[in-house]
Amino acid sequence: MRGMMAKESTPTITTTTTPHFCRRGLLLGFVVLGIFYGLIIVDAATTTTTSVENNGKPISRISFGSCSNQTAPQPIWDAVLRFDPDLFIWLGDNIYSDSKKPRKFTGKGRNSGPWKNTPRFFQVTPAEMEHQYQLMKNVSGYVKLREQTEVIGTWDDHDFGLNDAGKELEGKQTSQKLMLDFLDEPLDSPRRRQEGVYTSYTYGPAGKQIKVILLDTRYHRDPIGSDGTMLGDAQWQWFENELRNSSAQIHIIGSSIQVMANFSAMSQPFFSVESWNLFPKERMKLYDLLRETNVSGVMFISGDVHFCEIARYDCGLSYPLYDFTSSGITQGVEELAPPPLSYILAFAAWITPNTLRVYNPRCRYHSCVYGKQNFGGFEINWDADPVAINVDIRDVHGVPVLGTSFTLNELQPGYQRVQPPQHGQVQRHCTLEIELPWHQRYLLAILFFGTLNVCGGLILIYLVIGTISVIKRRSTQKPKPD
């Protein structure tokens, strides 16, 4: 059995309040200014899905990742290969199949920013999408990974066919076929006959089983802002059956978008990222289902956002829920932005309030966010008593940039009882960002417009003083004698 890191924390639950951010106000205002300008429902009874079981030896190393541009350099696969995973999980944006126009914040045809009036992304033809999948499939490092490791996955919007798309997307049946071809799904697989790419896999013998459940957050998803369905009736019924009929000790649930983290709660009206928070009824339904089925060892993995972080939520179940976000294989937000803006983004990640993010000494940066190329890795020591679990997010060289460790005992129903915060209180790992006081939720907007007013006022004062000075100089000048 490969080595494991020691358990890093005790089950003691502590309650803290978020720090005061007002003293950083003016700086954050300039940060926001820099960011802003730098940038069918099927019947459940007739649905069949893939549920693969592999009852051989237990697996102990699992890697995962997302957001891979098939035309960009991909040196990170060497680090993934050195990690030597038993399994690799794609979490979406496995390719970028849609095309996009250059950013335009002003004038006609604005496609970026809070006042955009036209789409920036558009679909490509099936032939073009197939070609893009072939480019990705032929990347040398990925070819080596497929030769030595099982690869499974789900999709997100860009490999579904269009940025932020849901069930309204035309041609999604063709997208599904091409995505399953990319993953070498057998031609007779039930996954090819259902609507959506959700599926599950069970690995290991009894007592040492891991169940990987991959959700489809695209095929049946209602429009953003509708607070409708994320998964659709058929997928919800399937998901419930997968949980109720599971005998696994560990359940890794893959969601292409973040389940718990909620950056968008603080970034309005400037920009937002997709997450389950945009569908609050569905997320509550998710937590309710996990409680009702009483499954153990649940951990979420997610992608999409072009940075990595670890979130923890103590008020969902009777044990801590983790969401490990790894994004991306090529698409790191700090590397995609020009150097001045990349520093601003890194600073913004540190200064923005966050109640669910895991902060510990294993973070490379104080923000405990990493915006460059990365992938995630589980290490599970089945021989330890109790079973030990270590999760790292690693950089392009395979060096951990974020991480946490715990035991399987800590992911058992009834492990902890956390009292939800009273109205108006802020409790770390319990208060959702959307529940923060308004002056923290809208901190970016307040400081952005506050900074504009301050800067505008200073410019006005400077102009007034300058004008007065010119008038005084002219009035004191004596006329020259004739």
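Rules of the game
Residues numbered from 1 in each chain as written. Predicted model: local features only at pLDDT ≥ 70, side-chain atom pairs only at ≥ 80, totals over all residues. Heavy atoms only, no water. Helix = DSSP H or I, 4+ residues; strand = E, 2+ residues; numbered from the N terminus. Buried < 20%, exposed > 50% of the residue type's maximum accessible area, 1.4 Å probe, protein only. Areas by Shrake-Rupley, 256 points an atom, 1.4 Å probe, with all protein chains shown as cover. Disulfide = S-S within 2.5 Å. Salt bridge = Lys/Arg side-chain N within 4 Å of Asp/Glu carboxyl O. Pairing = 2+ DSSP bridges. Axes fitted to C-alpha atoms, helices over the stretch in contact; angles between N-to-C directions. Contact = heavy atoms within 4.5 Å. Arc of directions from axis to C-beta. pLDDT = per-residue confidence, 0-100. UniProt positions renumbered as here; feature names shortened; annotations may be inferred. Parallel < 35°, antiparallel > 145°, perpendicular 65-115°, else oblique. Left-handed = near helix turned anticlockwise from the far one by under 90°. Lys, Arg positive; Asp, Glu negative; His and termini not counted. Polar contact = N/O pair within 3.5 Å; in protein donor to acceptor, adjacent residues only side chain to side chain. Expected span 1.5 Å × (residues − 1). Phe/Tyr/Trp six-rings, centres within 6.5 Å; stacked < 30°, edge-to-face > 60°. Core = buried A, V, L, I, M, F, W, Y, C linked by side-chain atoms within 4.5 Å. Patch = residues over 30% accessible without salt bridge, like charges linked within 9 Å, V, L, I, M, F, W, Y side chains within 5 Å.

1. A few points about the overall build of the protein chain
Item 1. Of the regular secondary structure elements, the protein chain holds 13 helices and 15 strands.
Item 2. For the protein chain, buried positions account for 54% of its 482 residues.
Item 3. In the structure as shown, the protein chain presents an accessible area of about 21500 Å², 56% of it carried by carbon and sulfur atoms.

2. Structural notes on the state of the cysteines
Item 1. Scanning all chains against the criterion turns up two disulfides.
Item 2. Put simply, Cys 315 and Cys 430 are joined by a disulfide, and their sulfur atoms are 1.5 Å apart. In this structure, the disulfide formed by Cys 315 and Cys 430 twists by about -80 degrees around the S-S bond and is classed as left-handed. Of the two residues, Cys 315 is situated in the loop between strand E11 (309-313) and strand E12 (321-325) and Cys 430 in the loop between strand E15 (400-407) and helix H12 (438-441); the sequence distance between them amounts to 115 residues. For the pair Cys 315 and Cys 430, a shared accessibility class is recorded, and that class is buried.

3. Regarding the pattern of salt bridges
Item 1. Tallying each qualifying case throughout the model produces 20 salt bridges.
Item 2. Between Glu 242 and Lys 211 there is a salt bridge; the shortest N-O distance is 2.8 Å. In this pair, Glu 242 sits in helix H7 (residues 233-244) while Lys 211 sits in strand E8 (residues 210-214), placing the two residues 31 residues apart along the sequence. Across the pair, exposure class does not vary: Glu 242 and Lys 211 are buried alike.
Item 3. Among the ionic pairs, Arg 312 bridges to Asp 314, the shortest N-O distance being 2.8 Å.
Item 4. By relative accessible area, which is 16% here, Arg 312 ends up buried.

4. Considerations on the sheet that holds E15
Item 1. One open sheet holds the six strands; their spatial order is E6-E3-E2-E13-E14-E15, and the pairing between them is mixed. Looking at strand neighbours, the two that pair on one side only are strand E6 (150-154) and E15, the edges of this open sheet. Adjacent strand axes in the sheet meet at a mean angle of 20 degrees, parallel and antiparallel pairs treated alike.
Item 2. Here five bridges tie strand E3 (residues 87-91) to E6, and the two strands are oriented parallel to one another. Bridging across to E6, Trp 90 finds its partner in Gly 153.
Item 3. Against the sheet, helix H2 (residues 76-83) contacts strand E2 (61-65), E3, strand E13 (375-381) and strand E14 (388-394), and its axis sits at roughly 5 degrees relative to E13.

5. Some words on helix H4 (residues 140-148)
Item 1. Restricting attention to buried positions, one finds in H4 the residues Gly 141, Tyr 142 and Leu 145. Take H4 and look down its axis: the buried residues cluster within an arc of 95 degrees, on one side only. The exposed residues of H4 that point more than 90 degrees off its buried face are Ser 140 and Glu 147.
Item 2. The elements touched by buried residues of H4 are H2, E3, helix H3 (126-137), E6 and helix H6 (172-182).

6. Re the confidence of the model for the protein chain
The predicted coordinates should not be examined in detail at positions where pLDDT is low.
Item 1. Mean pLDDT over the protein chain works out to 86, with 87% of the residues at or above the 70 mark.
Item 2. Counting contacts from residues 1-49, a segment whose pLDDT is below 50, to residues more than four positions away or on other chains yields 107 contacts.

7. Section: the UniProt feature "transmembrane region" (unreviewed entry) in the protein chain
Item 1. In this structure's numbering, the residues bearing the UniProt feature "transmembrane region" (unreviewed entry) are residues 21-42 and 442-471.
Item 2. For the annotated span residues 442-471, helix accounts for 97% and strand for 0% of the residues, and the straight-line distance between the end C-alpha atoms is 43 Å.

8. Focus on the packing of H7 against helix H9 (residues 280-293)
The description of two packed helices rests on the angle between their axes and on the distance between the axes.
Item 1. Two numbers describe how H7 lies on H9: the axes approach to 10 Å, and their chain directions differ by 25 degrees. By the angle between their axes, H7 is roughly parallel relative to H9. In the packing of H7 onto H9, the handedness of the crossing is right-handed. Facing H7, whose interface residues are Trp 236, Phe 239, Glu 240, Leu 243 and Arg 244, H9 presents Glu 282, Lys 285, Leu 286, Leu 289, Leu 290, Glu 292 and Thr 293.

9. Describing the packing of H3 against H6
Item 1. Here H3 crosses H6 at 20 degrees, and the two axes come no closer than 10 Å. Judged by the inter-axis angle, H3 sits roughly parallel to H6. Note that H3 runs across H6; the crossing there is right-handed. In this structure, H3 contributes Pro 126, Met 129, Glu 130, Tyr 133, Met 136 and Lys 137 to the contact, and H6 contributes Thr 174, Ser 175, Leu 178, Met 179, Asp 181 and Phe 182.

10. Topic: the side chain of Glu 282
Item 1. Looking at the secondary structure, you find Glu 282 in helix H9.
Item 2. We note that Glu 282 is buried and unpaired, the nearest opposite charge coming from Lys 285 at a distance of 4.5 Å.
Item 3. Among the polar contacts made by the side chain of Glu 282, one reaches the main-chain amide nitrogen of Leu 231 at a distance of 3.5 Å.
Item 4. Excluding residues that lie within four positions of it along the chain, Glu 282 makes contacts with Gly 228, Thr 229, Met 230, Leu 231, Trp 236 and Trp 276.

11. A look at helix H13 (residues 443-476)
Item 1. For H13, with 34 residues, the first-to-last C-alpha span of 49 Å sits near the 50 Å given by 1.5 Å per residue.
Item 2. Here H13 has its buried residues at Leu 443, Leu 444, Ala 445, Leu 447, Phe 448 and Thr 451.

12. Considering the packing of aromatic side chains
The geometry of an aromatic ring pair is captured by two quantities: the separation of the ring centres and the angle between the planes.
Item 1. Under the defined criterion, the tally for this structure stands at 20 aromatic pairs.
Item 2. Look at Trp 236 and Trp 276: their rings are 6.4 Å apart centre to centre, the planes differ by 85 degrees, and that puts the pair in the edge-to-face class. Here Trp 236 is found in helix H7, whereas its partner Trp 276 is found in the loop between helix H8 (264-267) and H9, with 40 residues between them in sequence. For the pair formed by Trp 236 and Trp 276, the shared burial category is buried.

13. Focus on the nonpolar core
Item 1. If you look at the biggest cluster of nonpolar residues, it comprises 70 residues, and the most contacted ones within it are Ile 89, Phe 239, Phe 324 and Phe 378.
Item 2. By residue number, the principal contributor to this core is H7, which donates five residues.
Item 3. Setting aside its immediate chain neighbours within four residues, Phe 378 contacts Ser 60, Arg 61, Ile 62, Phe 64, Phe 83, Ile 252, Met 299, Ile 301, Phe 324, Ile 389, Asn 390 and Val 391.
Item 4. If you look at the next biggest cluster of nonpolar residues, it comprises 30 residues, including Val 80, Leu 145, Val 151 and Val 197.

14. Observations concerning a nonpolar patch on the surface
Item 1. Side chains of Val 454, Leu 458, Ile 461 and Ile 465 sit close together on the surface and give an oily, nonpolar patch of about 380 Å² of accessible area.
Item 2. Considering the arrangement of structural elements, one finds Val 454 in helix H13.
Item 3. Exposure remark for Val 454: the relative accessible area of 43% places this residue in the partly exposed category.

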